[in-house]
Amino acid sequence: MPLLGCIADDFTGATDLANTLVKGGMSAVQVIGVPDGPLPEADAVIVALKSRTAPVAEAVRDSLAACDALLAAGARQIFFKYCSTFDSTPEGNIGPVADALVRRLDAGFALACPAFPTNGRTVYQGHLFVGAALLSESGMENHPLTPMRDANLVRVLGAQTDGAVGLVPFATVARGTAETRRAMTRLKESGRRYAIVDAITDAHLLTIGEAAAQHPLITGGSGVALGLPANFRAAGLLPERDAAALPPVAGHAAVLAGSCSRATLGQIGFARDHLPTLELDVLTTPDADALQRQALDWMDGKLGDMPVLIAASAPPDKVAALQQRLGRDAAGALVEETLAGIAAALVARGVRRLVVAGGETSGAVVSRLGVRSLRIGPEIDPGVPWTQAELPDDASGIHLALKSGNFGARDFFLKAFDG
Ligand SMILES: Nc1ncnc2c1ncn2[C@@H]1O[C@H](COP(=O)(O)OP(=O)(O)O)[C@@H](O)[C@H]1O
Ligand SMILES: O=C(O)[C@@H](O)C(=O)COP(=O)(O)O
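Residues numbered from 1 in each chain as written. Chains lettered and ligands numbered in written order. Predicted model: local features only at pLDDT ≥ 70, side-chain atom pairs only at ≥ 80, totals over all residues. Heavy atoms only, no water.

- The protein goes by 3-oxo-tetronate kinase in an unreviewed UniProt entry, where it is assigned to Roseomonas acroporae.
- According to UniProt, the comment filed for the protein under the heading Function (unreviewed entry) is "Catalyzes the ATP-dependent phosphorylation of 3-oxo-tetronate to 3-oxo-tetronate 4-phosphate." (UniProt positions renumbered as here; feature names shortened; annotations may be inferred.)

Here's what the structure looks like:
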């Protein structure tokens, strides 16, 4: 029976959250899509949806179905995981999904905290920073699907919900668990459905986690989950455990990149000097079949001891040009379909260790490969673990690392395969 039931709005976000919980001593399994059978045994079950950019009604429907499955399995607390950069549009989907979960759980209130200080995401006076820059000046204002042009999360969340949004400021969180708990209770009693909660350091996140021990619903990034294993441990529900090691796999290694974030563009720039690299020019050839044929021709003879890198990623001007030609969603779907097809071809040719860069891209790849669940293994960089995925026709499975576009050091695509 899971202690914590989690609903993640994309696949990289789900592994990020699972990674945090495993490091905190909880066993964690990531299930792909709304569960249609019994849930695996684990302290935390993370249902990974592709609901971040889905139509609102679909995101709400799938999130509620996931919530029901987790509650039916006995989960004591529900966690709604979204991006540490609060990726969403004025239509949603953070607000509408959170509203539906608040109602389903009869919670009346939920905290909202995307902070992830280890990766530079902090919240101060309700404003989200990425490193030293406001969210709206961090590069996220150019995201292909969810451009973030306002850093004030009280306003951003407020535009996505009919509930009122308050703030628990830094000064309160710094005063500790009891003050933070009281501030959230006061906001709930004064009719706020949400509180953006400031957090600048991991110590703040631990305080918030402890203060929310009795909340039926927590919403946020993986950072705010830091404090949750201790709550279950304090309640005598969580035995001491070691983080799981994964059984080794033998085969080729590859990286597929569909993220256009600054971090991923930098990682591609670094890796192209070290790894056999194919950069697809989607603007010149906006045709999934033709792009896949290019990749298949290229990879013959390239798969050997070295990992290979295939990227569709492009800088903002090229992304904008493709979107102007095809429309935003069609442009994203074209690239996702292309990379998913290439992933299937790589696996068919013996790739058994695969890094995928980009949340939507990871969703498309994992769906195409028919992966149903992921066991979480060792961390490569903060927020990105290796995972073990069973394939439908190969029980020994493959190792997959689903990298959030924004995460990882510059040498991530090499470092992933060290050791
Ligand atoms: N060259 C390109 N032009 C337009 N869109 C692209 C290009 N390359 C990738 N994309 C799309 O950009 C989106 C990136 O989102 P995602 O994979 O979630 O990355 P991130 O993790 O950075 O958010 C995907 O839909 C992807 O298909
Ligand atoms: O919280 C985060 O930043 C990540 O866990 C996450 O959600 C990643 O999403 P993408 O940037 O779309 O990969």
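### Quick word on the UniProt feature "domain: Four-carbon acid sugar kinase nucleotide binding" (unreviewed entry) in the protein
Move 1: As recorded in UniProt, the feature "domain: Four-carbon acid sugar kinase nucleotide binding" (unreviewed entry) lies at residues 254-413.
Move 2: Structurally, residues 254-413 is divided into 42% helix and 28% strand, and its ends, taken at the C-alpha atoms, are 9 Å apart. (Helix = DSSP H or I, 4+ residues; strand = E, 2+ residues; numbered from the N terminus.)

### So, the site of ligand 2
Move 1: Contacts to ligand 2 come from 15 residues, most closely from Thr12, Asp16, Arg52, Lys81 and Ser84.
Move 2: Within the side chain of Ser84, an N or O atom sits 2.5 Å from an oxygen atom of ligand 2.
Move 3: At 3.2 Å, a backbone N or O of Gly405 approaches an oxygen atom of ligand 2.
Move 4: Look at ligand 2: alone it shows 360 Å² of surface, and the protein chains cover 96% of it.
Move 5: Put simply, ligand 2 lies in the largest pocket.
Move 6: Sorting elements by how many residues they give to the shell around ligand 2 places helix H1 (residues 11-23) first, with three residues.
Move 7: In terms of domain composition, the shell around ligand 2 takes at least three residues from each of domain 1 (4-234) and domain 2 (252-415). (Near = heavy atom within 4 Å. Polar contact = N/O pair within 3.5 Å; in protein donor to acceptor, adjacent residues only side chain to side chain. Areas by Shrake-Rupley, 256 points an atom, 1.4 Å probe, with all protein chains shown as cover. 1 Å grid on protein atoms, 1.4 Å probe; cavity = no way out; pocket = protein on both sides within 12 Å on 5 of 7 lines; lining within 4 Å. Sits in = over half its atoms within 2 Å of the grid points. Domains from an automatic or database assignment.)

### Comments concerning the pattern of salt bridges
Move 1: Evaluation of the coordinates by the stated rule reveals 20 salt bridges.
Move 2: Here Lys23 ties to Glu379 by a salt bridge, and the two come within 2.9 Å at their closest N and O atoms. With Lys23 in helix H1 and Glu379 in strand S16 (residues 373-381), the pair connects residues that are 356 residues apart, well separated along the chain.
Move 3: With its nearest N and O atoms 3.0 Å apart, the salt bridge here joins Lys50 to Glu360. (Salt bridge = Lys/Arg side-chain N within 4 Å of Asp/Glu carboxyl O.)

### Comments concerning the UniProt feature "domain: Four-carbon acid sugar kinase N-terminal" (unreviewed entry) in the protein
Move 1: The sites that carry the UniProt feature "domain: Four-carbon acid sugar kinase N-terminal" (unreviewed entry) are, in the present numbering, residues 4-227.
Move 2: Helix makes up 33% of residues 4-227 and strand makes up 22%, while its end C-alpha atoms are separated by 12 Å.

### Concerning the sheet that holds strand S8 (residues 133-134)
Move 1: If you walk across this open sheet you meet the three strands as S6-S7-S8, and the pairing is antiparallel. With partners counted over all chains shown, the strands left at the sheet margins are strand S6 (121-124) and S8, one partner each.
Move 2: Alignment of S6 against strand S7 (residues 127-130), held across four bridges, turns out to be antiparallel. Pairing of Val123 across the sheet is with Leu128, part of S7. (Pairing = 2+ DSSP bridges.)

### Points about the packing of aromatic side chains
Move 1: Across all of its chains, the model carries six aromatic pairs by this definition.
Move 2: Between Phe80 and Tyr82, the aromatic rings sit 5.4 Å apart at their centres with planes inclined by 75°, giving edge-to-face as the arrangement. Comparing Phe80 with Tyr82, the two get one shared label, buried.
Move 3: Ring-pair connections join several aromatic residues into one group, and the members of that group are Phe80, Tyr82 and Phe86. (Phe/Tyr/Trp six-rings, centres within 6.5 Å; stacked < 30°, edge-to-face > 60°. Buried < 20%, exposed > 50% of the residue type's maximum accessible area, 1.4 Å probe, protein only.)

### Describing the site of ligand 1
Move 1: The environment of ligand 1 is made up of 21 residues, and the closest members are His143, Ser259, Glu336, Glu360 and Thr361.
Move 2: The separation between an oxygen atom of ligand 1 and a polar main-chain atom of Gly332 is 3.0 Å.
Move 3: Measuring from an oxygen atom of ligand 1, one finds a backbone N or O atom of Gly405 at 2.9 Å.
Move 4: Isolated, ligand 1 exposes 570 Å² of accessible area, and the fraction of that covered by the protein chains is 96%.
Move 5: One can see that ligand 1 is located within the largest pocket.
Move 6: Elements supplying a minimum of two residues to the shell around ligand 1: helix H11 (316-326), helix H12 (328-348) and helix H13 (359-369).

### As for helix H6 (residues 177-189)
Move 1: The terminal C-alpha atoms of H6 lie 18 Å apart, and with 13 residues this matches the ideal 18 Å at 1.5 Å per residue to within 8%.
Move 2: Among all positions in H6, only Thr177, Thr180, Ala183, Met184 and Leu187 are buried. The buried residues of H6 occupy one face: seen down the axis, they fall within an arc of 130°.
Move 3: In this fold, the buried residues of H6 make contact with strand S5 (110-113), strand S9 (164-168), helix H5 (170-174), strand S10 (192-197) and helix H7 (202-211).
Move 4: Where H6 ends, the next residue or the one after it, Gly191, has phi of about 95°, a positive value. (Expected span 1.5 Å × (residues − 1). Arc of directions from axis to C-beta. Contact = heavy atoms within 4.5 Å.)

### Overview of the side chain of Ser259
Move 1: You can see Ser259 is positioned in the loop between strand S12 (252-257) and helix H9 (262-271).
Move 2: Note on Ser259: relative accessible area 9%, which makes it buried.
Move 3: Not counting residues up to four positions away in its chain, the partners in contact with Ser259 are Thr264, Ser313, Ala357, Gly358, Thr361 and Gly405.

### Let's talk about the packing of H6 against H7
Move 1: With their axes 8 Å apart at the nearest point, H6 and H7 run at an angle of 60° to one another. Here H6 lies oblique to H7, going by the angle between them. Where H6 crosses over H7, the two elements pack in a sense that is right-handed. Here Thr177, Thr180, Arg181 and Met184 of H6 lie close against H7, whose contacting residues are Thr207, Glu210 and Ala211. (Axes fitted to C-alpha atoms, helices over the stretch in contact; angles between N-to-C directions. Parallel < 35°, antiparallel > 145°, perpendicular 65-115°, else oblique. Left-handed = near helix turned anticlockwise from the far one by under 90°.)

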